[in-house]
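Here is what each chain is made of, one letter per residue.
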Amino acid sequence: MIAEGLTAGQWWIVALAVSALVPAAFYFCLRSVKGAVFSLAVPVIGALSVLGFSAGRGHAEVEALVMYSVSMLSLALLLAALRPEVRTYAERRRRGEEYAAPKWKVNLYAVLVLAFATGLMVLLLA
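Below is a short write-up of the structure.

Definitions and limits used
Residues numbered from 1 in each chain as written. Predicted model: local features only at pLDDT ≥ 70, side-chain atom pairs only at ≥ 80, totals over all residues. Heavy atoms only, no water. Salt bridge = Lys/Arg side-chain N within 4 Å of Asp/Glu carboxyl O. Helix = DSSP H or I, 4+ residues; strand = E, 2+ residues; numbered from the N terminus. Buried < 20%, exposed > 50% of the residue type's maximum accessible area, 1.4 Å probe, protein only. Phe/Tyr/Trp six-rings, centres within 6.5 Å; stacked < 30°, edge-to-face > 60°. Lys NZ or Arg CZ within 6 Å of the ring centre and 35° of its normal. Polar contact = N/O pair within 3.5 Å; in protein donor to acceptor, adjacent residues only side chain to side chain.

## Some thoughts on the pattern of salt bridges
Close approach of charged atoms lets side chains of opposite charge pair.
Then, in step 1: Throughout the structure, instances matching the rule amount to three salt bridges.
Then, in step 2: Notably, a salt bridge pairs R94 with E91, separated by 2.8 Å at the nearest N-O pair. Here R94 pairs with E91, and both are found in helix α5 (residues 83-94), just three residues apart, close to one helical turn.
Then, in step 3: Using a relative accessible area of 56% as the deciding quantity, one classes R94 as exposed.
Then, in step 4: One salt bridge connects E97 with R95, and the closest N-O pair in it is separated by 3.7 Å.
Then, in step 5: Look at E97 and you get partly exposed, because its relative accessible area is 39%.

## Describing the packing of aromatic side chains
Then, in step 1: Throughout the structure, instances matching the rule amount to zero aromatic pairs.
Then, in step 2: Note that R83 overlies the ring of F28, its terminal NZ or CZ placed 4.3 Å from the centroid.

## Describing the side chain of S19
Then, in step 1: Looking at the element boundaries, S19 is found in helix α1 (residues 8-30).
Then, in step 2: Taking relative accessible area as the criterion, S19 reaches 14% and is therefore assigned buried.
Then, in step 3: Within the local environment of S19, its side chain forms a polar contact with the backbone oxygen of A15, the two atoms lying 2.7 Å apart.

This is how it looks when you write it as structure tokens:
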């Protein structure tokens, strides 16, 4: 397992660094401090769920931290990829108009990010 190359303390540092990417991605998408502050709840909820379920299933601390880091990195990448659609949605919402992003584009980015996350997880944990 490649993940064993780092200690649990080093994986905690990686997890904290990746946790900072989610609010940064929200701010990058919306240019809103309020949105970035509200997005601070996402890493907290993600940490509680991943670490809680991992403890229940008997995963080691390093495995749980790898899963958390990869999931938060994938979420930040998805937000960055969908930035034009998110900004268009936010602008039209401010004007009172409705906007729906093209489903093919959202689905394509979601599949690509999921493939990235799965590949990275297999590489790190296999």
